[in-house]
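Listed below are the residues making up each chain.
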Amino acid sequence: MFLNLKQLFTGERDSLPVDCTLDFSELEYMNNHPFMHPVRVSGDVSVIAEVVTLDAVADFIHDCKCDRCLAEIHKPVQIPIKHVLVTIDTQDNDNDIVLVKNYLLPLDDLVREDLILSLPSKNLCREDCHGLCPGCGKELTDGPCGCTSKTIDPRLEILRQLTESE
Ligand SMILES: [Zn+2]
Ligand SMILES: [Zn+2]
C-alpha cells in the first residue's frame, strides 16, 4: 500500500490522515507467524516547519509461544510509527529518516520493519513461568508434577544399559 504524499511535499496541504489495516499474516519470523491478526495503523502525515513527518501508531496482537512452556501467547501491543520523510537522500543512516521516491511512501514496508524491530527477543507467558517437566511434559508453574524418576541423559542411559548387560 502506497501513500501519495505529493501534496504535502509541494505545500498544497499540511496534513494527511492515515488510517488503515495491514495484513502481515504471511510473515514468518523465528519459525513463527507473529502477526496473524490484522495490524491497524492510525495517525497522520503532517508538515511542521517544512518537515514532513509520519506520526502514527500500530495496534496489533503479537502471536507467539512461551519460550519455556510453549503456551500460545496473544499479546496486544501498540508501537509508535514515527519517521521523518524526505525526498532527497540525506545519506543519513538514521532509521527514523525515510527516503520517499516519487512522493510514494510504501507504508507496508515501513510498518513491517518497525513491527519486526519491536518484537522482544524473549517471550514468556508469565514472568515466573517454570516451563515443562522434561520427564512428563507437565507445566511446572502450578506446582511439581510428581515425577519421581529423574530424567536421564540419553548418553548416560546407553552407558547404563551397557554396564547392566555385562
Ligand atoms: Zn510459559
Ligand atoms: Zn514430570
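Residues numbered from 1 in each chain as written. Chains lettered and ligands numbered in written order. Predicted model: local features only at pLDDT ≥ 70, side-chain atom pairs only at ≥ 80, totals over all residues. Heavy atoms only, no water.

Draft legend 1. Representation of the overall build of the protein. Counting secondary structure elements, the protein contains three helices and seven strands. In sequence order, the protein lays out its α and β elements as β-α-β-β-β-β-β-β-α-α. Against the globule reference of 15 Å for 166 residues, the protein gives a C-alpha radius of gyration of 25 Å, more extended than a compact globule. Each of the three principal axes of the protein carries a C-alpha extent, and together these read 90 × 30 × 25 Å. For the protein, with 166 residues in total, the buried portion stands at 30%. Accessible area of the protein: about 11,200 Å², with a carbon and sulfur share of 50%. Separation between the mean location of the 15 positive side-chain charges and that of the 29 negative ones in the protein comes to 6 Å. (Helix = DSSP H or I, 4+ residues; strand = E, 2+ residues; numbered from the N terminus. Rg over C-alpha atoms; globule rule 2.2 N^0.38 Å. Buried < 20%, exposed > 50% of the residue type's maximum accessible area, 1.4 Å probe, protein only. Areas by Shrake-Rupley, 256 points an atom, 1.4 Å probe, with all protein chains shown as cover. Lys, Arg positive; Asp, Glu negative; His and termini not counted. Charge placed at Lys NZ, Arg CZ, Asp CG, Glu CD.)

Draft legend 2. How the structure looks around the coordination of the zinc ion (ligand 1). The coordination sphere of the zinc ion (ligand 1), as far as protein atoms go, consists of Cys66 (SG), Cys69 (SG), Cys125 (SG) and Cys129 (SG), spread over 2.3 Å. Relative to the metal, the four donor atoms surrounding the zinc ion (ligand 1) lie at angles of 107 to 113 degrees, and the coordination shape comes out tetrahedral. All donor residues of the zinc ion (ligand 1) come from one chain, and their arrangement in sequence is C-x2-C-x55-C-x3-C. Each member of the pair, Cys66 together with Cys69, is buried. (Donors = N, O, S within 2.8 Å, 3.2 Å for Na, K, Ca; no water. Tetrahedral: all angles 85-135°; square planar, octahedral: opposite > 155°, others 65-115°.)

Draft legend 3. View of the coordination of the zinc ion (ligand 2). Every protein donor of the zinc ion (ligand 2) is listed here as Cys133 (SG), Cys136 (SG), Cys145 (SG) and Cys147 (SG), and their distances to the metal cover 2.2 to 2.4 Å. Here the zinc ion (ligand 2) binds four donor atoms, and the angle range of 108 to 112 degrees at the metal identifies the geometry as tetrahedral. Mapping the donors of the zinc ion (ligand 2) onto the primary sequence gives the spacing C-x2-C-x8-C-x1-C. Placement of the pair is Cys136 in the loop between helix H2 (107-118) and helix H3 (154-165) and Cys147 in the loop between H2 and H3, with a sequence separation of 11 residues. Residue classification places Cys136 among the partly exposed positions, given a relative accessible area of 44%.

Draft legend 4. Region of interest: H2. Between the first and last C-alpha of H2 there are 16 Å, a value that for 12 residues agrees with the 16 Å anticipated at 1.5 Å per step. Inspection of H2 places Leu107, Asp108, Leu110, Val111, Asp114 and Leu115 among the buried residues, and these make up the whole buried set. The arc that holds the buried residues of H2, viewed along the axis, is 165 degrees, so those residues lie on one side. In H2, the exposed residues that point more than 90 degrees away from the buried face are Glu113 and Leu117. (Expected span 1.5 Å × (residues − 1). Arc of directions from axis to C-beta.)

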